[in-house]
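Overview (structure and organization)
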Amino acid sequence: MGKCRIICLFAALGLLQVAAADSTWSGVVTVESDFTVPAGETLIIEPGTVVQVDPGVTIEIRGRILAQGTAQERIQFRLTPGESGDWVGIRLEGTVEENILSYVDISGAESMGGTVGLNDSRLLIEHSTLSGGRRRLIYTVDSSLHVRHCFFPDRFGEGEFPGSGDDNVVENIKGSGILPGGKMIIENNTFGKNLGHNDVIDFSGPTAPGPILRVLNNVFLGAGDECLDLGGDAHIEGNVFMHIGKDAWNKSSGQANVISTGDDNVEGVITCVRNIFYDIDYVIDLKNDTFLNFYNNVVAKISPDSTNPTREYSAINFAIPSRADPGKGAYLRNNIFWDIPERIFGHVDEDRDGDPYETYLDMHYCLVPAERIADTVASRPGTIMDLGRGSIAGDPLFADPNNGDFHLMSQADRWHPDSQTWVIDPVTSIAINTGHPGTPLGDESDDAANVRINLGAYGGAAEASKSPPAWGVLADINNDGIADGCDFAQMASDWLRSEMELSTDLNRDGHIGNRDLELLIVNWLQSAGWF
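Residues numbered from 1 in each chain as written. Predicted model: local features only at pLDDT ≥ 70, side-chain atom pairs only at ≥ 80, totals over all residues. Heavy atoms only, no water.

1. Notes on the packing of aromatic side chains
The final tally for this structure, using the stated rule, is 18 aromatic pairs. Three or more aromatic residues joined by ring pairs make a cluster, and in this case those are Phe152, Phe191, Phe220, Phe241, Phe277, Phe294 and Phe337. The positively charged end of Arg333 is found above the aromatic ring belonging to Tyr295, 4.2 Å away from the centroid. Against the face of Trp422 rests Lys466, its NZ or CZ located 4.5 Å from the ring centre. (Phe/Tyr/Trp six-rings, centres within 6.5 Å; stacked < 30°, edge-to-face > 60°. Lys NZ or Arg CZ within 6 Å of the ring centre and 35° of its normal.)

2. Description of the pairing of strand β17 (residues 138-148)
With 4 bridges joining them, strand β14 (residues 116-119) and β17 adopt parallel strand pairing. Note on β17: the bridge partner recorded for Gly117 is Tyr139. As judged from the 5 bridges shared by strand β15 (residues 122-126) and β17, these two strands associate in the parallel manner. Residue pairing for β17: Leu123 is matched across the bridge by Leu145. Where β17 and strand β19 (residues 173-178) come together, 5 bridges link them in parallel fashion. (Pairing = 2+ DSSP bridges. Helix = DSSP H or I, 4+ residues; strand = E, 2+ residues; numbered from the N terminus.)

3. What about empty space enclosed by the protein?
Unoccupied space between atoms shows up once a probe the size of one water molecule is rolled over them. The tally for this structure, following the rule as stated, stands at 1 cavity of 30 Å³ or more. Size it by volume and the largest cavity reaches roughly 40 Å³. In terms of lining, the largest cavity is formed by Val298, Phe406, Leu408, Asn454, Leu455, Gly456, Ala457, Tyr458, Gly459, Ala464 and Ser465. Among the residues forming the lining of the largest cavity, the class breakdown is 7 nonpolar, 4 polar and no charged. (1 Å grid on protein atoms, 1.4 Å probe; cavity = no way out; pocket = protein on both sides within 12 Å on 5 of 7 lines; lining within 4 Å. Points joined across faces, edges and corners; volume = space filled by probe spheres on them. Nonpolar A, V, L, I, M, F, W, Y, C, P; charged D, E, K, R; others polar.)

4. A few points about the packing of helix α1 (residues 485-493) against helix α2 (residues 514-527)
To describe two helices that pack against each other, one gives the angle between their axes and the distance between the axes. Taken N-terminus to C-terminus, the directions of α1 and α2 make an angle of 175°; their axes are 10 Å apart at the nearest point. Regarding the angle of α1 to α2, the classification is roughly antiparallel. Residues Gly485, Asp487, Phe488 and Met491 of α1 pack against Asp516, Leu517, Leu520 and Trp524 of α2. Its residues placed into classes, the contact of α1 with α2 shows 5 nonpolar, 1 polar and 2 charged. (Axes fitted to C-alpha atoms, helices over the stretch in contact; angles between N-to-C directions. Parallel < 35°, antiparallel > 145°, perpendicular 65-115°, else oblique. Contact = heavy atoms within 4.5 Å.)

5. Describing the environment of Asn334
Position of Asn334 relative to the elements: it lies in the loop between β35 (329-333) and β36 (336-338). Along the primary structure Asn334 and Leu496 are separated by 162 residues, whereas in three dimensions their C-alpha atoms are 24 Å apart. Those residues in contact with Asn334 that lie beyond four places of it in its chain are Asn296, Asn297, His364, Tyr365, Cys366, Gly435, His436, Thr439, Ile453, Leu455 and Gly456. Polar side-chain contacts of Asn334 include one of 3.3 Å to the side chain of Asn296. (Polar contact = N/O pair within 3.5 Å; in protein donor to acceptor, adjacent residues only side chain to side chain.)

6. Details of the pairing of β19
In this sheet, strand β22 (residues 201-204) lies alongside β19 in parallel orientation, the contact comprising 4 bridges. Looking at the pairing, Ile173 lines up with Ile201 of β22.

7. Overview of the layout of surface pockets
Approximately 390 Å³ is the volume attributed to the largest pocket. In terms of lining, the largest pocket is formed by 19 residues, of which the most central are Gly404, His407, Pro417, Tyr458 and Glu463. Secondary structure elements with two or more residues in the lining of the largest pocket: β27 (240-244) and β42 (405-408). One number sums up the size of the second largest pocket: a volume of about 260 Å³.

8. Quick look at the side chain of Ser445
Inspection of the secondary structure assignment puts Ser445 in the loop between β44 (421-423) and α1. Those residues in contact with Ser445, other than ones at most four positions away along the chain, are Asn450 and Lys466.

9. Quick word on the confidence of the model for the protein
Chain-level pLDDT for the protein is 93 on average; 96% of the residues reach the 70-or-more range. Counting contacts from residues 1-15, a segment whose pLDDT is below 50, to residues more than four positions away or on other chains yields 34 contacts. (pLDDT = per-residue confidence, 0-100.)

Structure representation (structure tokens):
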């Protein structure tokens, strides 16, 4: 057992191994029966260690585990060679120590309780790979969990497909609740493709002001059901979601969404910022009074209705008739919608029985396809362009959308992710410098021509495409290309209001007053050719 010191105790149910004191594993360690680290003790696993676990065996942590490998010397947990079946997994029970699994590869375990299971515990998993098995990889209950820089391979290999027992259980992360004072952060991971009626992440969490689920800067490569099946509040930022659609192995009566909400029947709030949604059925299904904040996202290539005649595909869906109470509403700002063959919003102003319902819906400074500008929204007057201020229509001129590059083309500078350099394009996207005038620029370039945030997933970020000289007019509040009396009328309607991120707050100080009027007059005179 390497340098591990253990005491073997014969319990009524068989042999149980218990760490006698702080233990260190190195080299090759074989765990032949259930092993427990008791409260107050620490199991240290050194870089390069191979932990071989016999079938049916559990490693339980009630004290602390520090399995910290390196990029060159990774730690492996695997089934003992020559054995058949699965070991159970690693269990953390009531341990609020800073448990760490770093540069660890875990394979060959299978359990409904997770390859790694947490209950009232705290764990950091980083730079690790979890694979194998046909059940949940991580299962967390009322715990604090941080998963970062990890890789979750495709859940089904080449030629493998879900069977009769693989319904709603082949999930990468499943859980509920957050430990008081803890966190639930999933960031900078890659999730391979999942198939059938199986979520990638299924989590029912609390609502603010306490800790909530945060899903940040991950890549999701495909799913036949939901990527995120949620209850409670969630903050979803900087992710790439692609190839999400109901597949032949998903036999459920529901639909496949990138995000499904409202599982806990609480009035949750989902905030989506700077995400890319590409080649999908739906971005989100809002249920049971869930509200959506949707800022600076890209939504591209929604399925057409011809994919399934029983569906009405849309980017944002507010109700599933006859299945659940509708979502409360949505506020949208600075988004790009592209290649939307049918509709952007689905089932607006409907309750679960199709009866009238008042959905809150505001959309400001978004770009929509030209073929969508005449769309009406339920029985509301006007079109989709009348849902708020400043929205425009046209081609966003993405750099290479078919290969996943949604940077905006620019004659000034565009970031090229492959070469990691700035390049020049022959044209400039209309989505540059046309965002909500009151939105802070964030990490965008401070070039003099950059007066407003870009639309889309890179608006407000360091990779935002740059503005050609004199491209943007700060006081062009209604996005018609000039500053004039129409923009003055909008400012007059907001005069002396104190509120963050108003479109007429040109100097972004949270107040509409003389300084904003001065900026508008200067732009107005410039537009009129006075100087």
